[in-house]
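Observations on chain architecture
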Amino acid sequence: MRGWCARWSGSGRARLRWLAALVCWGALAALALPRLQPAPPRAHPAPPARLLLQSEQAAVSTPAPSTPPPARLATDTRVLSEDELRADAERRLPSLPLAYWHRHRNDKNKFYKKKDCAPFPSIYDLEFHNTYWQTLRVKTDVFHLYGAYMDARNTSRIGPAVRVLAVHDRIKPNLTTHCQLWFEEREAPVVVRNLEYKYVWNSKWGNYRDGVLQPYLLACVLPADVRHLVPASVSIVVDPCDRATNNLRVHNDRPQPPAKQKEFAVCVKGLDFLHEDLSVRLVEWIELIRLMGADKIFFYELQVHPNITKVLNYYNELGVTEVTPITLPGGQPNLPGLQHMYLKKKTTHKRQMELIPYNDCLYRHMYQYRWLALLDIDEVIVPLEDGDWSSLMKRVLPLAAPAPGKPPRSSYHASNLYFLDSLRHEHGWEEGVPRYLHMLQHVYRTRNFTKPGQYVKAFHETERVLALHNHFPLACLGGACSSYALETRHARLQHYRADCVTALSKSCAELRAQPVRDTALWRWRGALVAAADAALAALGFLPPHR
């Protein structure tokens, strides 16, 4: 082609020579141009469909190479793997045996005796209720199941058993139920009859009637041939061969050697402070509980203010607290705001439902801690002659030894003393104490304690208690419950309230008469102010110059 073009360009005919040259060199350029163009970019895998829209938004225009790249949207573009999704679901719903189910979902022999008898239930066939509950329905009977726990304590007379925490709308359940126990080590389930419905309430406290959800503990006793094993999950059914609509992970949170059992943990019932910003008071309380010697605080949460969430997240990251969301079972409302109004009006229902988180806290942590205290965030057991709870119990245990032939102590309770808001308002602010630290500012109390046994709080022996109430054990292992009253010279419950509880409205005026100035808590003032201020500064609640 190039030679041909050269010959034509040398021709004598000027006009034809010019035209031929133009055509020849144009053809050469057309042939060479594709070789000079860069190779097309390598194709990348397409992003997930749900990320396409925000990717398009992040790159609205394609700028020239000389201009800086556009700012990227501050959105979360992570895509969780299946393993990460399962781990996240188990964290959000601790009663769900998701990892166990995933390992065995394709096993062909996970049934009892024959394929259509007690088949291993799929996670997707379970009946969930109000997020954190699972359900057993039998005609007119409905059980809402919350948690299952391995109880292998030496004090239990029935031997190793799986306890199941549930609510049922009958005061005397007569329905025969069975437990399908699933193990890692066995393909077929072990099926046993539920031993009992342990009533976790007292008929004298109200709501003792059918139609109201009542708290119960079920007991699935392990047969001799599997007593050395721990079930991975349990299903509650009526007939042994039933296809279960529930499957609860069995908690067995034992310290692994060389870890040992710790001394104190605190359990806090479902927090219900949607529109009350108690964040600063909560910081002061948590830091005081830490100074008293609690290793960890376990909170249950209904609805809380965003600043309270911020505080709890801060302490969760430090390993000081652990928060478990919870809902009300049955037809009780869980809508924010409406739930608060319901619990304020239906106080007996509220008290009954509080027993679910209290006993869940007991059974999930009974192997990790020797003593559990059930406290609200406006009260604390204060030692008067010791620096912390551990020193207090070293002093008390020899004094509390039971008489020969009597059962060992199940708890040690402190008498209740009110530090009321109205008493502080009559006496102004305390100098030398930050005004935002509520308990340190409130140094006026009622002259007298409430009556013996009223509104007490206790340290509960986890080896002994079977079922817990707000103030005392409801049932114990190894004999009758036996609670020791801490002498008021050794310790007391300091309760910081706006006013007396409603049940004491008639005697409250007498309690409030002749208030007493009491600075017992100031023994920890320096350490408490420093710890609270450090936390409040880290949370951004204090100006940086403090």
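Residues numbered from 1 in each chain as written. Predicted model: local features only at pLDDT ≥ 70, side-chain atom pairs only at ≥ 80, totals over all residues. Heavy atoms only, no water.

Per an unreviewed UniProt entry, the recorded name for the chain is Glycosyltransferase family 92 protein, and the organism is Euphydryas editha. We quote the UniProt Sequence similarities (unreviewed entry) comment for the chain here in full: "Belongs to the glycosyltransferase 92 family." (UniProt positions renumbered as here; feature names shortened; annotations may be inferred.)

Let's talk about the sheet that holds strand 23 (residues 491-497)
A sheet is described by the order of its strands in space; here 3 strands give the open sequence 15-23-17, paired in mixed fashion. Strand pairing shows two members of the sheet lacking a second neighbour, strand 15 (379-383) and strand 17 (416-420), which therefore form its edges. When strand polarity is set aside, the average angle formed by the axes of neighbouring strands in this sheet is 30°. Across 5 bridges, the pairing between strand 17 and strand 23 is parallel. Note on strand 23: the bridge partner recorded for Leu417 is Gln494. Helix 6 (residues 279-292) rests against strand 15 and strand 23 of the sheet, and its axis sits at about 30° to strand 15. (Pairing = 2+ DSSP bridges. Helix = DSSP H or I, 4+ residues; strand = E, 2+ residues; numbered from the N terminus. Axes fitted to C-alpha atoms, helices over the stretch in contact; angles between N-to-C directions. Contact = heavy atoms within 4.5 Å.)

Describing the nonpolar core
In this structure, Tyr146, Val162, Val164, Leu181, Cys220, Val234 and Ile236 are the most contacted members of the largest nonpolar core, which totals 76 residues. Ranked by residue count, the leading element in this core is helix 9 (residues 347-365), at 7 residues. Beyond its immediate sequence surroundings of up to four residues, Val162 is in contact with Ala148, Tyr149, Met150, Leu181, Leu218, Ala219, Cys220, Leu222, Pro231, Val234 and Val250. (Core = buried A, V, L, I, M, F, W, Y, C linked by side-chain atoms within 4.5 Å. Buried < 20%, exposed > 50% of the residue type's maximum accessible area, 1.4 Å probe, protein only.)

Observations regarding the layout of surface pockets
Looking at the largest pocket, its volume works out to about 1700 Å³. Broken down by secondary-structure element, the contributors of at least two residues to the lining of the largest pocket are strand 11 (262-273), helix 8 (338-345), helix 9 and strand 23. The biggest single contributor to the lining of the largest pocket is helix 9, with 8 residues. Volume-wise, the second largest pocket comes out at about 320 Å³. Lining of the second largest pocket is provided by 15 residues; of these, Arg91, Arg92, Pro94, Val323 and Thr324 occupy positions nearest its centre. Put simply, the parts of the chain that give the lining of the second largest pocket at least two residues each are helix 4 (82-92), strand 10 (248-251), strand 13 (321-325) and helix 9. Counting residues per element, the lining of the second largest pocket draws most heavily on strand 13, at 4 residues. In the lining of the second largest pocket, the residues fall into 4 nonpolar, 4 polar and 7 charged. (1 Å grid on protein atoms, 1.4 Å probe; cavity = no way out; pocket = protein on both sides within 12 Å on 5 of 7 lines; lining within 4 Å. Points joined across faces, edges and corners; volume = space filled by probe spheres on them. Nonpolar A, V, L, I, M, F, W, Y, C, P; charged D, E, K, R; others polar.)

Regarding a nonpolar patch on the surface
A surface patch of nonpolar side chains, about 310 Å² in accessible area, is lined by Leu335, Leu338 and Met341. Structurally, Met341 can be placed in helix 8. Classification of Met341 as exposed rests on a relative accessible area of 52%. (Patch = residues over 30% accessible without salt bridge, like charges linked within 9 Å, V, L, I, M, F, W, Y side chains within 5 Å. Areas by Shrake-Rupley, 256 points an atom, 1.4 Å probe, with all protein chains shown as cover. Salt bridge = Lys/Arg side-chain N within 4 Å of Asp/Glu carboxyl O.)

Remarks on the packing of aromatic side chains
In this structure the tally under the stated criterion is 19 aromatic pairs. Between Phe143 and Tyr197, the aromatic rings sit 5.7 Å apart at their centres with planes inclined by 15°, giving stacked as the arrangement. Pair noted here: Phe143 is in strand 3 (residues 141-151) and Tyr197 is in strand 7 (residues 197-199), with a separation of 54 residues, a long-range link. With respect to class, Phe143 is no different from Tyr197; both count as buried. Pairing Trp201 with Trp205 gives two aromatic rings, centres 5.0 Å apart and planes at 80°, and the pair type is edge-to-face. Exposure remark for Trp201: the relative accessible area of 8% places this residue in the buried category. Judged by relative accessible area, Trp205 falls into the partly exposed class, the value being 36%. Lying over the aromatic face of Phe120, Lys110 brings its terminal NZ or CZ to 5.2 Å of the ring centre. (Phe/Tyr/Trp six-rings, centres within 6.5 Å; stacked < 30°, edge-to-face > 60°. Lys NZ or Arg CZ within 6 Å of the ring centre and 35° of its normal.)

What about empty space enclosed by the protein?
The tally for this structure, following the rule as stated, stands at 3 cavities of 30 Å³ or more. Considered as a void within the structure, the largest cavity measures approximately 80 Å³ in volume. Leu93, Pro94, Ser95, Tyr132, Tyr146, Gly147, His251, Thr324, Pro325, Asp360 and Arg364 together form the lining of the largest cavity. Among the secondary structure elements, those contributing two or more residues to the lining of the largest cavity are strand 3, strand 13 and helix 9. Its residues placed into classes, the lining of the largest cavity shows 5 nonpolar, 4 polar and 2 charged.

Quick word on the pairing of strand 21 (residues 473-476)
Judged from the 3 bridges that link them, strand 20 (residues 465-468) and strand 21 form a sheet pairing that is antiparallel. Each residue of the ladder has a partner; that of Leu468, found in strand 21, is Pro473. Hairpin connection, strand 20 to strand 21: the antiparallel pair is bridged by 4 residues.

A few points about helix 10 (residues 389-399)
Of the positions making up helix 10, those classed as buried are Trp389, Ser390, Leu392, Met393 and Val396. Buried residues in helix 10, looked at end-on, bunch into an arc of 145°, giving them a common side. Turned more than 90 degrees away from the buried face of helix 10 sit Lys394 and Pro398, all of them exposed. Looking at where helix 10 begins, the residue whose side-chain oxygen comes 3.3 Å from the main-chain nitrogen of Ser390 is Asp388. (Arc of directions from axis to C-beta. Polar contact = N/O pair within 3.5 Å; in protein donor to acceptor, adjacent residues only side chain to side chain.)

Brief notes about the pairing of strand 4 (residues 161-168)
Of all 8 residues in strand 4, 8 are buried, a share of seventy percent or more. Neither face of strand 4 is exposed, since Ala161, Arg163, Leu165 and Val167 on one face and Val162, Val164, Ala166 and His168 on the opposite face are all buried. The sheet contact formed by strand 3 and strand 4 spans 8 bridges and is antiparallel. Across the sheet, the residue bridging to Ala148 is Val164, located in strand 4. Relative to strand 8 (residues 214-221), strand 4 is paired through 8 bridges, and the arrangement is antiparallel. Within strand 8, the position partnered with Ala161 by the bridge is Val221.

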